[in-house]
Amino acid sequence: MVLPFDDAYFMKKALEEANLAFEKGEVPIGAVIVTQDRIIARAHNLTEQLNDVTAHAEMQAITSAANFLGGKYLNNCVLYVTLEPCQMCAGALYWSQISKIVFAAKDPKRGFKAMGAKLHPKTEVLGGLLENEASVLLKRFFIQKRNLN
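Because the structure is a prediction, the values reported are computed rather than measured. Throughout this document, residue positions are counted from 1 along each chain, in the order its sequence is written. Per-residue local features of the predicted model are confined to residues with pLDDT of at least 70, and side-chain atom pairs are confined, for both listing and counting, to 80 or more; whole-chain, interface and lining totals are unaffected and use all residues. Computation of side-chain values covers all heavy atoms of the structure but excludes hydrogens and water.

### Thoughts on the UniProt feature "domain: CMP/dCMP-type deaminase" (unreviewed entry) in the protein chain
Inference 1: UniProt positions are given in the numbering used here, feature names are shortened, and annotations may be inferred rather than shown by experiment. UniProt records the feature "domain: CMP/dCMP-type deaminase" (unreviewed entry) at residues 5-132, using the numbering of this structure.
Inference 2: Helix numbering and strand numbering both begin at the N terminus, where a helix is a DSSP run of H or I of at least 4 residues and a strand a DSSP run of E of at least 2. Annotated as 39% helix and 23% strand, the span residues 5-132 places its first and last C-alpha atoms 21 Å apart.

Given below as structure tokens:
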């Protein structure tokens, strides 16, 4: 008998992506998109590498998942992301009609909630899963960045 994976398992996979971003000098945010207990997209921030302000982990993951599924809607999919999505990503997630978003750390200044952005009415949201791990990584990144400048 195969047991389904839980939210913490998939958030740890998103944290692995965030660590890849950290190693590349990107803001360490990672994301995975899951359907039927299967990861169909993995991504992390690539804004510096691609010189593209829209290359957030969520945007990369949405594109990858849509390509995998062969369609633009992410019904029956769950996004696990290490930081609360910004309003740009929330807009893309709205249009994708993703079923659920699970994020680790809150972003009280630039998160979609603080910015008043809306998600699709059917999208479920769960925040705070492995928040400490994600927050520590982000803080470490910005402390290191400040010390280099």
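There's plenty left to go through after this.
### Brief notes about the pattern of salt bridges
Inference 1: Counted as salt bridges are all cases of a side-chain nitrogen of Lys or Arg within 4 Å of a carboxyl oxygen of Asp or Glu. Applying the stated rule across the entire model yields two salt bridges.
Inference 2: When the shortest N-O distance is used, the salt bridge between Lys100 and Asp7 registers 3.6 Å. Within this pair, whereas Lys100 is found in strand 4 (residues 100-105), its partner Asp7 is found in helix 1 (residues 7-23), the two being separated by 93 residues in sequence.
Inference 3: Assessed through its relative accessible area of 24%, Asp7 is described here as partly exposed.
Inference 4: In this structure, Glu16 engages Lys13 in a salt bridge whose closest nitrogen and oxygen atoms are separated by 3.6 Å. Pair noted here: Glu16 and Lys13 are both in helix 1, with a separation of three residues, about one helical turn.
Inference 5: A relative accessible area of 42% means that Glu16 is categorised as partly exposed. Burial here depends on accessible area, computed with a 1.4 Å probe over protein chains only, as a share of the maximum for the residue type. Under 20% is buried, over 50% is exposed, and the range in between is partly exposed.

### A few points about the nonpolar core
Inference 1: What is meant by a nonpolar core is a set of buried Ala, Val, Leu, Ile, Met, Phe, Trp, Tyr and Cys residues, joined one to another through side-chain atoms within 4.5 Å. Membership of the largest hydrophobic core comes to 41 residues, with the highest contact counts inside it found for Met11, Ile33, Leu74, Leu79, Tyr80, Leu93 and Ile98.
Inference 2: For this core, the secondary structure elements donating two or more residues are helix 1, strand 1 (30-35), strand 2 (38-44), helix 3 (57-69), strand 3 (78-83), helix 4 (87-96), strand 4 and helix 6 (131-148).
Inference 3: Those residues within four positions of Leu79 in sequence are excluded, and the remaining contacts are Ala31, Val32, Ile33, Glu58, Leu93, Ile98, Lys100, Ile101 and Val102. Two residues form a contact once any of their heavy atoms are found within 4.5 Å.

### Considerations on unusual backbone geometry
Inference 1: Positive phi is not limited to glycine here, since Asn51 has a value of about 55°.
Inference 2: For Asn51, a relative accessible area of 73% gives the class exposed.
Inference 3: The backbone of Leu130 sits at a positive phi, close to 55°, despite the residue not being glycine.
Inference 4: Position of Leu130 among the secondary structure elements: in the loop between strand 5 (124-127) and helix 6.

### With respect to the UniProt feature "active site" (unreviewed entry) in the protein chain
Inference 1: Mapped onto the present numbering, the UniProt feature "active site" (unreviewed entry) falls at Glu58.
Inference 2: The exposure class of Glu58 is buried, given its relative accessible area of 4%.
Inference 3: Leaving out residues up to four positions away in the same chain, Glu58 has contacts with Ala31, Leu79, Val81, Leu83, Pro85, Cys86 and Cys89.

### Some points on the layout of surface pockets
Inference 1: Grid points spaced at 1 Å over the protein atoms alone were grouped into cavities, where a 1.4 Å probe fits but cannot get out, and pockets, open sets with protein on both sides within 12 Å along at least five of seven lines, with lining residues defined by an atom within 4 Å of a point. Grid points are joined across faces, edges and corners, and a volume is the space filled by probe spheres set on the points. Taken as a whole, the largest pocket spans an internal volume of roughly 700 Å³.
Inference 2: Elements supplying a minimum of two residues to the lining of the largest pocket: helix 2 (47-50), helix 3 and helix 6.
Inference 3: At seven residues, helix 6 tops the list of elements feeding residues into the lining of the largest pocket.
Inference 4: For this classification, the nonpolar set comprises Ala, Val, Leu, Ile, Met, Phe, Trp, Tyr, Cys and Pro, the charged set comprises Asp, Glu, Lys and Arg, and every other residue, Gly included, is treated as polar. Among the residues forming the lining of the largest pocket, the class breakdown is eleven nonpolar, five polar and eleven charged.

### Remarks on the pairing of strand 1
Inference 1: In terms of burial, strand 1 is a largely internal element, six of the six residues being buried.
Inference 2: Where strand 1 lies against strand 2, six bridges are found, and the strand directions are antiparallel. Paired with Ala31 across the bridge in strand 2 is Ala43.
Inference 3: What sits between strand 1 and strand 2 in their antiparallel hairpin is a turn of two residues, with Gln36 showing a positive phi close to 50°.
Inference 4: A pair of strands counts as paired when DSSP detects no fewer than two bridges linking them. Sheet topology places strand 1 next to strand 3; four bridges connect them, and they run antiparallel. Across the sheet, Ile33 pairs through a bridge with Leu79, a residue of strand 3.

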